[in-house]
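Breakdown of the fold
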Amino acid sequence: MTSPTPPSGPRPPKIRLFSRSSWPQARHLADVLRTETVGGALLLFGAVIALVWANSPWSDSYTRLGDVVPWPGAPWHLDLDLATWAADGLLAIFFFVVGLELKREFVAGDLRDPRRAALPIAAALGGMLLPALIYVAVVLSAGGDGLRGWAIPTATDIAFALAVLAVVSSHLPQGLRAFLLTLAVVDDLFAITIIAIFYTAGFQPVPLLAALVPIGLFAVLVQRGRTWWWALIPLAIAAWTLMHASGVHATVAGVLLGFTVPVLARRPAGGKQPATASAEAGEGGLAARLEHRWRPVSAGFAVPIFALFAAGVTLRGTDLGALLSDPIVIAIVAALVFGKTIGIFGSTYLLARFTRAELDEDITWADLLGIALLAGVGFTVSLLIGDLAFGAGSTADDRVKAAVLLGSVISAGLAATVLSRRNTTYRRVAEKERLDADGDGVPDVYQHPDAR
């Protein structure tokens, strides 16, 4: 008796984890990373100034500066101090850019392909759930005081992470850089969802519904290609003001406005159609143009100024032993260092283990470990959630700032140690990714059939 013949036909190709994306996507990624790396350096500079100033003999002036209310008695609850304006106002620009990048990823980037999207989404979920669980477990074991801060260690700061890579001069392969950026973008989507759902105080439905009017008008203008600054900026400010008055965190308005912007270019009838959606988005999409215009403002001004006001934790006269043994501090540090690493590494390993996925030929599991450690660098959104959870200037808020800074520094140091050991290999891969033997402006690896 003969054994049954296996079914004929080609087997579906295996998923290649961390493989290179298309050339238009790689070019867009390089532009984003250059801006964010510079922004990360400015963010670190702002954080260092805040720490030095807050622990200097002039620390009172630092506190007084944050408490200044530029418009006392303003309507719509807009009599905010400068520190709050930095967190609620300037970070709306940051989240507007996040909204633009998210939409671009879903329409023309890696997230439009379910096979490629599975990895960063699974990694981001693992990197969000496990830190939250570790935080809750540690806080509950100490009595449960501080549970409201469970979301603090769930976010990754891409600018801070890229600044670390720049310091260690790491030449990560394009596939790993794309994964890190996409992971951070999905991470930001989860973070803003958490903020909108769990950190809304004094919800008022009427202003929220009213905010849909300027957002809708903004959408109509950008969908028709009308980029009149004198119309779009007042509409954005109106949307932000009404969102703030509703009790929903005002930065949500920035994300919603970013979602309204079209990604693909408007083509005249009979016009030449780009070969891919990525090329079309990069050649003339309004989202790409607005992102190119506003990302430097976000990375070079909004986030560093927020860091200046948010990172100034005073350690003078503090019992460091008591601080380091505080349950909130232990929970945040453990969640950032161990939760992020195990969550991202573990979810990626399980994805490869139970599917037909395998690592790209230039990537090893040690590389993923370095990226997972680097994702434990949480700063901007972590500090924002800390403010929302415990109140800016509170005792718990100071502990949150110290813990986020400590956990981020530890994660950055461990990631730098792991990734720097592979720098020689990274340089070789980087040289291959830049080689353009035929001089057509597109590196040769992106013209190979398996380059994607």
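Whatever comes next refers back to the structure up there.
From a predicted model like this one, the values you see are computed outputs, not experimental measurements.

Glancing now at the packing of aromatic side chains. On inspection of all chains with the given rule, the structure shows nine aromatic pairs. Taken together, a centroid distance of 5.4 Å and an interplanar angle of 65° make the contact between Trp53 and Tyr62 edge-to-face. Relative accessible area serves as the criterion here: at 8%, Tyr62 is assigned to the buried category. Here a set of aromatic residues connected by ring pairs shows up, and it is made of Trp71, Trp85 and Trp240. Sitting over the ring of Phe354, Arg353 keeps its end group 5.4 Å from the ring centre.

We now examine empty space enclosed by the protein. Taken as a whole and assessed by the stated rule, the structure comprises three cavities of 30 Å³ or more. Along the walls of the largest cavity sit 23 residues, with Glu36, Phe94, Val98, Ile158 and Asp188 positioned nearest its centre. Breaking the lining of the largest cavity down by element, the ones donating at least two residues are α1 (23-54), α3 (82-107), α5 (158-167), α6 (174-198), α11 (286-310) and α15 (380-390). Taken together, the residues of the lining of the largest cavity break down into 13 nonpolar, five polar and five charged.

A few words on the packing of helix α4 (residues 114-141) against α6. With their axes 9 Å apart at the nearest point, α4 and α6 run at an angle of 55° to one another. Considering the angle they form, α4 stands oblique to α6. Both α4 and α6 take part in a crossing whose hand is right-handed. Along its contact with α4, which presents Leu119, Pro120, Ile121, Ala123, Ala124, Leu125 and Met128, the element α6 presents Phe179, Thr182, Leu183, Val186, Asp187, Phe190 and Ile194. The residue inventory of the contact of α4 with α6, partitioned by class, reads 12 nonpolar, one polar and one charged.

By size, the foremost hydrophobic cluster in this structure holds 123 residues, and its most contacted members are Phe18, Phe95, Phe179, Ile332 and Phe379. Of the residues forming this core, the biggest block, 14 residues, is contributed by α6. Contacts of Phe179, omitting those with residues within four sequence positions, involve Phe18, Leu119, Pro120, Ala123, Ile344, Leu368 and Ile371. The next biggest cluster of nonpolar side chains, apart from the first, holds six residues, and it includes Leu78, Leu80, Ala92 and Ala250.

This paragraph deals with helix α9 (residues 251-260). Here α9 lies mainly inside the structure; eight of its 10 residues are buried. Taken together, the buried positions of α9 are occupied by Thr251, Val252, Ala253, Gly254, Val255, Leu257, Gly258 and Thr260. Its buried side turned inward, α9 meets α3, α6, α7 (205-223) and α8 (229-246).

On to a nonpolar patch on the surface. Together, Trp228, Trp229, Trp230, Ile233 and Ile237 make up an exposed nonpolar region whose accessible area comes to about 610 Å². Following the sequence through the fold, Trp228 ends up in the loop between α7 and α8. Overall, the relative accessible area of 38% leaves Trp228 in the partly exposed class.

What follows is about the layout of surface pockets. Roughly 840 Å³ of volume is contained in the largest pocket. As for the largest pocket, its lining consists of 35 residues, of which Thr84, Asp387, Gly391, Ala392 and Gly393 are closest to the centre. Residue assignment for the lining of the largest pocket shows that the elements contributing at least two residues are α2 (59-67), α3, α8, α11, α15 and α16 (395-420). For the lining of the largest pocket, a count of residues per class yields 14 nonpolar, 13 polar and eight charged.

A few words now on the environment of Ser408. Residue position: Ser408 is located in helix α16. As for Ser408 and Asn423, which are separated by 15 residues in sequence, their C-alpha atoms are 22 Å apart. The contacts of Ser408, once residues within four sequence positions are left out, are Phe160, Leu336, Gly376, Val377 and Gly378.

This next bit is on α4. Compared with an ideal rise of 1.5 Å per residue, which puts 28 residues at 40 Å, α4 spans 39 Å between its outermost C-alpha atoms and is within 8% of the ideal. Gly143 lies just past α4 and shows a positive phi near 120°.

Further remarks concern the pattern of salt bridges. In a structure, side chains of opposite charge can pair up when their charged atoms sit close to one another. Applying the stated criterion to the full structure yields seven salt bridges. Between Glu291 and Arg295 there is a salt bridge, with its nearest N and O atoms 2.4 Å apart. Here the residue Glu291 and the residue Arg295 both occupy positions in helix α11, the gap between them amounting to four residues, near one helical turn. Grouping residues by exposure puts Glu291 and Arg295 together as buried. Note that Asp397 is salt-bridged to Lys401, the shortest N-O span being 3.8 Å. Within this pair, Asp397 and its partner Lys401 are both found in helix α16, separated by four residues, close to a single helical turn.

Criteria and thresholds
- Residues numbered from 1 in each chain as written.
- Predicted model: local features only at pLDDT ≥ 70, side-chain atom pairs only at ≥ 80, totals over all residues.
- Heavy atoms only, no water.
- Phe/Tyr/Trp six-rings, centres within 6.5 Å; stacked < 30°, edge-to-face > 60°.
- Buried < 20%, exposed > 50% of the residue type's maximum accessible area, 1.4 Å probe, protein only.
- Lys NZ or Arg CZ within 6 Å of the ring centre and 35° of its normal.
- 1 Å grid on protein atoms, 1.4 Å probe; cavity = no way out; pocket = protein on both sides within 12 Å on 5 of 7 lines; lining within 4 Å.
- Points joined across faces, edges and corners; volume = space filled by probe spheres on them.
- Helix = DSSP H or I, 4+ residues; strand = E, 2+ residues; numbered from the N terminus.
- Nonpolar A, V, L, I, M, F, W, Y, C, P; charged D, E, K, R; others polar.
- Axes fitted to C-alpha atoms, helices over the stretch in contact; angles between N-to-C directions.
- Parallel < 35°, antiparallel > 145°, perpendicular 65-115°, else oblique.
- Left-handed = near helix turned anticlockwise from the far one by under 90°.
- Contact = heavy atoms within 4.5 Å.
- Core = buried A, V, L, I, M, F, W, Y, C linked by side-chain atoms within 4.5 Å.
- Patch = residues over 30% accessible without salt bridge, like charges linked within 9 Å, V, L, I, M, F, W, Y side chains within 5 Å.
- Areas by Shrake-Rupley, 256 points an atom, 1.4 Å probe, with all protein chains shown as cover.
- Salt bridge = Lys/Arg side-chain N within 4 Å of Asp/Glu carboxyl O.
- Expected span 1.5 Å × (residues − 1).

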